[in-house]
Amino acid sequence: MNITQAHELLNTYVAGETLRRHCLTVSAVMGYWASQEGADSEQWQTAGLLHDIDFEKYPEAHCSKAKEILEAERARFPGITDELIRAVQSHGWKLCCDVEPVSRMEKVLYTVDELTGLVFACAMARPSKSVMDMEVKSVLKKFKTKAFAAGCNRAVIQEGADMLGMELSDVIQRCIDGMRARHEELGV
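No experiment lies behind these values; they were computed from the predicted model shown.

Turning next to the nonpolar core. One finds W33, L50, L118, V119 and M179 to be the most contacted residues of the largest nonpolar core, which totals 58 residues. The dominant element in this core, judged by the number of residues it contributes, is helix α6 (residues 104–125), at 10 residues. What M179 contacts, discounting residues up to four positions off in sequence, is T25, V29, T116, V119, F120, V131, L186 and V188.

Shown next, in the form of structure tokens:
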């Protein structure tokens, strides 16, 4: 499945501007991360773009409905792979499903789903409203302030960094860099 098809599919199931921007942000960071690791950037971007495909219409069945949707959409988009479906499901591990992130792509998606929300909130709290002048230490300070962006699950972010075998500060830097790479498109 290519990224153009993924956008078409996302637009079929997600109408809300905030959720679309979140999906675009996760996709941007996933693509950046893949390029840093020599992985398939388009595949990773697609997983990021479609990770919340079911959330708007089926929040109570998040991740399980995603599997149903993506399997049903294979008729239109034969490029939807089992690997893509598994990655989309795994981002909800321990939160709403039992599909554990195993591959590198799955672990990154699990981590950056929550982290992009925190980084975005940090950017919006800055006078510049941008990631362009953001430093890791600013995000780490907000990470420790549980009342700030309280909906961002810090335990998932830390567990994701641990699964990736990376320091939290390095994961945050890569997330910031991924958002910077497409900051105009993301509005941050």
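Having put the structure on the table, let's press on.
Counting through the fold element by element, H62 comes out in the loop between α3 (41–50) and α4 (64–72). Separated by 3.1 Å, the side chains of H62 and D52 make a polar contact. Aside from chain neighbours lying at most four places away, what touches H62 is H51, D52, D54, F55, H91 and C96.

Looking now at the packing of helix α2 (residues 17–37) against α3. Closest axis-to-axis distance for the α2/α3 pair is 7 Å, and the angle between their directions is 155°. The angle between α2 and α3 falls in the class roughly antiparallel. Handedness of the crossing formed by α2 with α3: right-handed. Contact residues: α2 offers C23, L24, V26, S27, M30, G31, W33, A34 and E37, while α3 offers S41, W44, Q45, G48 and L49. A breakdown of the residues in the contact of α2 with α3 according to their chemical character gives eight nonpolar, five polar and one charged.

Next up on the list: the environment of R104. By the secondary structure assignment, R104 is in helix α6. Residue R104 is classed as partly exposed on the basis of its relative accessible area of 32%. Sequence separation of R104 and K57 is 47 residues, and the distance between their C-alpha atoms is 28 Å. Among all residues touching R104, those that are not within four sequence positions of it are W33, E37, W44, L164 and M166. At a separation of 3.0 Å, a polar atom in the side chain of R104 contacts the main-chain carbonyl oxygen of L164.

Moving on, we get to the pattern of salt bridges. Applying the stated criterion across every chain, the model contains 12 salt bridges. Two residues, D82 and R74, come together in a salt bridge whose shortest N-O distance is 2.3 Å. Across the pair K137 and E135 runs a salt bridge whose closest N-O atoms are separated by 3.8 Å. Take E135: its relative accessible area is 44%, and that puts it in the partly exposed class.

Let us now look at the packing of aromatic side chains. Summed over the entire model, instances satisfying the criterion amount to one aromatic pair. For K94, the ring lying beneath its charged end belongs to W93, and the centroid distance is 4.4 Å. The side chain of K142 reaches across the aromatic face of F148, ending 4.7 Å from its centre.

As a further point, take the packing of helix α7 (residues 136–143) against helix α9 (residues 168–181). At a minimum axis distance of 9 Å, the contact between α7 and α9 shows a crossing angle of 115°. Two packed elements cross with a definite hand, and for α7 against α9 that hand is right-handed. Counted together, V136, V139, L140 and F143 of α7 and L168, S169, I172, Q173 and I176 of α9 form the full contact between these two elements. Across the contact of α7 with α9, the residue classes break down as seven nonpolar, two polar and no charged.

About the thresholds
- Residues numbered from 1 in each chain as written.
- Predicted model: local features only at pLDDT ≥ 70, side-chain atom pairs only at ≥ 80, totals over all residues.
- Heavy atoms only, no water.
- Core = buried A, V, L, I, M, F, W, Y, C linked by side-chain atoms within 4.5 Å.
- Buried < 20%, exposed > 50% of the residue type's maximum accessible area, 1.4 Å probe, protein only.
- Helix = DSSP H or I, 4+ residues; strand = E, 2+ residues; numbered from the N terminus.
- Contact = heavy atoms within 4.5 Å.
- Polar contact = N/O pair within 3.5 Å; in protein donor to acceptor, adjacent residues only side chain to side chain.
- Axes fitted to C-alpha atoms, helices over the stretch in contact; angles between N-to-C directions.
- Parallel < 35°, antiparallel > 145°, perpendicular 65-115°, else oblique.
- Left-handed = near helix turned anticlockwise from the far one by under 90°.
- Nonpolar A, V, L, I, M, F, W, Y, C, P; charged D, E, K, R; others polar.
- Salt bridge = Lys/Arg side-chain N within 4 Å of Asp/Glu carboxyl O.
- Phe/Tyr/Trp six-rings, centres within 6.5 Å; stacked < 30°, edge-to-face > 60°.
- Lys NZ or Arg CZ within 6 Å of the ring centre and 35° of its normal.

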